[in-house]
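Single-letter residue listing:
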Amino acid sequence: MLARELFEVVASDEGWTDATQVEVLLQYIENQQSCAAFEDFLAQLRTE
């Protein structure tokens, strides 16, 4: 199962709202402890 599919299944099973989903994903990003990598990712999105 792909990460996106796994997330969608868990979010649906738990009844997470959009705001809850965003919070969960932000917690995951913060736990990676790589702000620079996230900043690079956002920069790439802005140029596309």
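In the block above lies the structure referred to throughout.
Residues numbered from 1 in each chain as written. Predicted model: local features only at pLDDT ≥ 70, side-chain atom pairs only at ≥ 80, totals over all residues. Heavy atoms only, no water.

Asker: Whenever I open this one, a nonpolar patch on the surface confuses me. Can you help?
Answerer: Together, Met1, Leu6, Val9 and Val10 make up an exposed nonpolar region whose accessible area comes to about 380 Å². Looking at the element boundaries, Val9 is found in helix H1 (residues 3-14). By relative accessible area, Val9 is classed as partly exposed at 38%. (Patch = residues over 30% accessible without salt bridge, like charges linked within 9 Å, V, L, I, M, F, W, Y side chains within 5 Å. Areas by Shrake-Rupley, 256 points an atom, 1.4 Å probe, with all protein chains shown as cover. Salt bridge = Lys/Arg side-chain N within 4 Å of Asp/Glu carboxyl O. Helix = DSSP H or I, 4+ residues; strand = E, 2+ residues; numbered from the N terminus. Buried < 20%, exposed > 50% of the residue type's maximum accessible area, 1.4 Å probe, protein only.)

Asker: What is the right way to read the layout of surface pockets from this model?
Answerer: Rolled over the atoms, a probe with the dimensions of a water molecule shows which regions are left empty. Approximately 200 Å³ is the volume attributed to the largest pocket. Ranked by residues supplied to the lining of the largest pocket, first place goes to H1 with 4 residues. For the second largest pocket, the calculated volume is near 160 Å³. Broken down by secondary-structure element, the contributors of at least two residues to the lining of the second largest pocket are helix H2 (18-31) and helix H3 (35-47). (1 Å grid on protein atoms, 1.4 Å probe; cavity = no way out; pocket = protein on both sides within 12 Å on 5 of 7 lines; lining within 4 Å. Points joined across faces, edges and corners; volume = space filled by probe spheres on them.)

Asker: Would you mind showing me how to read unusual backbone geometry here?
Answerer: In terms of backbone geometry, most residues other than glycine have negative phi values and most peptide bonds are trans. Of note, Gln33 is a non-glycine position whose phi angle comes to about 50 degrees, a positive value. Structurally, Gln33 can be placed in the loop between H2 and H3.

Asker: What's the story with H1 in this structure? I'm lost.
Answerer: The periodicity of an α-helix, 3.6 residues per turn, causes residues three or four positions apart to be oriented the same way. Look at H1: 16 Å from first C-alpha to last across 12 residues, which is about the 16 Å you get at 1.5 Å a residue. Among the residues trailing H1, Gly15 stands out with phi positive, at a value near 70 degrees. (Expected span 1.5 Å × (residues − 1).)

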